[in-house]
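# Structure assessment
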Amino acid sequence: MKRSRRCAQALRPPPARAETSLDILLRPVADKHAKTSKYTADRNMPGAVEGETITRRRFMTGTAHTAGAIAAGAFTLPALGFAIGPIFKQAPHRWETVGKVDSFSEFNYTAVVMTLTPGIGEAGKTTVYMRKFNPAIDTDPSDRYTKFIAISSRCAHVGCPVRWVDAAERFICPCHGGVYDLLGRRVGGPPPRPLDRFYTRVVGEDVQVGPRYSVNSELQRFSPRDPGEPLDGIGQYLYPSRPSERKL
Ligand code: FES
């Protein structure tokens, strides 16, 4: 009995030596550039099968993720299309006859009503202040769209309707006291830019009003902006026009 215990002690492997920092430093490092086999069996992967290049677990995981991505895309992409699509839909330009050539003066504005959004009745109409181009006061570039000046009645602050006051030669906004001069430039109150304008053209004897555009304080043209959006300096980049708004 004594002998067998001694034998067992002799056969028992010596206790493992604790790894020192020198051992760690001298430990061989696997060459990450060494070419490994593409077969899982060669790479000693558990459960590897002869000729297999990808583990079944990885294959199933990849398939499940791909199926999930396709299903999610099938739900979200059409919804996104419906939500974002109208932003990029550009409506064709409309021109509307608002009067005869000789029905407008060079020195005073005449209010006309035109349709901005057809098909919604009175809600789609707006008032536009019209006069003939006057070279003594107007600085607009002379082109086929400046024979008549058409100024929007929508305040550039938050969109209240402004009114032309002939005696004061000012456009006055009743909401927050915005005041604009004869050319529609802001001279008082909170509006951040001049009143918007509309392109105009003459067809035969008729004066037609077309798409809206915005102007900065020097009356340079920009594609239409929403109320509250400045156009001077960096404002023109911070507040780009909507993708659906087309320049003429
Ligand atoms: S909406 Fe015209 S001043 Fe505010």
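Here is what the cut-offs are and how they apply
Residues numbered from 1 in each chain as written. Predicted model: local features only at pLDDT ≥ 70, side-chain atom pairs only at ≥ 80, totals over all residues. Heavy atoms only, no water. Helix = DSSP H or I, 4+ residues; strand = E, 2+ residues; numbered from the N terminus. Buried < 20%, exposed > 50% of the residue type's maximum accessible area, 1.4 Å probe, protein only. Contact = heavy atoms within 4.5 Å. Areas by Shrake-Rupley, 256 points an atom, 1.4 Å probe, with all protein chains shown as cover. Pairing = 2+ DSSP bridges. Patch = residues over 30% accessible without salt bridge, like charges linked within 9 Å, V, L, I, M, F, W, Y side chains within 5 Å. Salt bridge = Lys/Arg side-chain N within 4 Å of Asp/Glu carboxyl O. Phe/Tyr/Trp six-rings, centres within 6.5 Å; stacked < 30°, edge-to-face > 60°. Lys NZ or Arg CZ within 6 Å of the ring centre and 35° of its normal. Disulfide = S-S within 2.5 Å.

## Here we look at the overall build of the chain
Per the secondary structure count, the chain includes 4 helices and 11 strands. The proportion of buried residues among the 248 residues of the chain is 29%. At a minimum sequence separation of 6, the contacts of the chain that also span at least 24 residues come to 44%. When the accessible surface of the chain is summed, it comes to about 16,600 Å², and 59% of that surface belongs to carbon and sulfur atoms.

## Thoughts on the pairing of strand β3 (residues 125-132)
Both strand β2 (residues 110-115) and β3 contribute to a ladder of 6 bridges, which runs antiparallel. Across the sheet, residue V113 finds its bridge partner in β3, namely T127. Across 5 bridges, β3 lies against strand β4 (residues 148-152) in antiparallel orientation. For M130, the partnering residue across the bridge sits in β4 and is A150.

## Section: a nonpolar patch on the surface
On the surface, a cluster of nonpolar side chains totalling about 480 Å² of accessible area is made up of L77, L80, I84, I87 and F88. Structurally, the position occupied by L80 is in helix α3 (residues 56-88).

## Notes on the packing of aromatic side chains
Inspection of the entire model under this criterion finds 9 aromatic pairs. On the basis of an interplanar angle of 70° and a centroid distance of 5.2 Å, the ring pair of Y145 and Y199 is categorised as edge-to-face. In this pair, Y145 is assigned in the loop between β3 and β4 and Y199 in strand β9 (residues 197-203), connecting sequence segments 54 residues apart. No difference in accessibility class separates Y145 from Y199, as the two residues are buried. Aromatic ring contacts, followed pair by pair, group W95, Y145, Y199 and Y213 into a single cluster. The ring of Y213 has R221 sitting right over it, with the charged end atom 5.3 Å from the ring centre.

## Focus: the state of the cysteines
The final tally for this structure, using the stated rule, is 1 disulfide. Two residues, C160 and C175, share a disulfide whose sulfurs are 1.9 Å apart. Measuring the twist about the S-S bond at about -90°, one finds the C160-C175 disulfide to be left-handed. Of this pair, C160 sits in the loop between β4 and β5 (163-165) while C175 sits in the loop between β6 (170-172) and β7 (179-180), placing them 15 residues apart in sequence.

## A closer look at the pairing of β4
Burial runs high along β4: 5 of the 5 residues are buried. Pairing geometry for β4 and β9, over 2 bridges, is antiparallel. From the neighbouring strand, I151 faces β9, where its bridge partner is R197.

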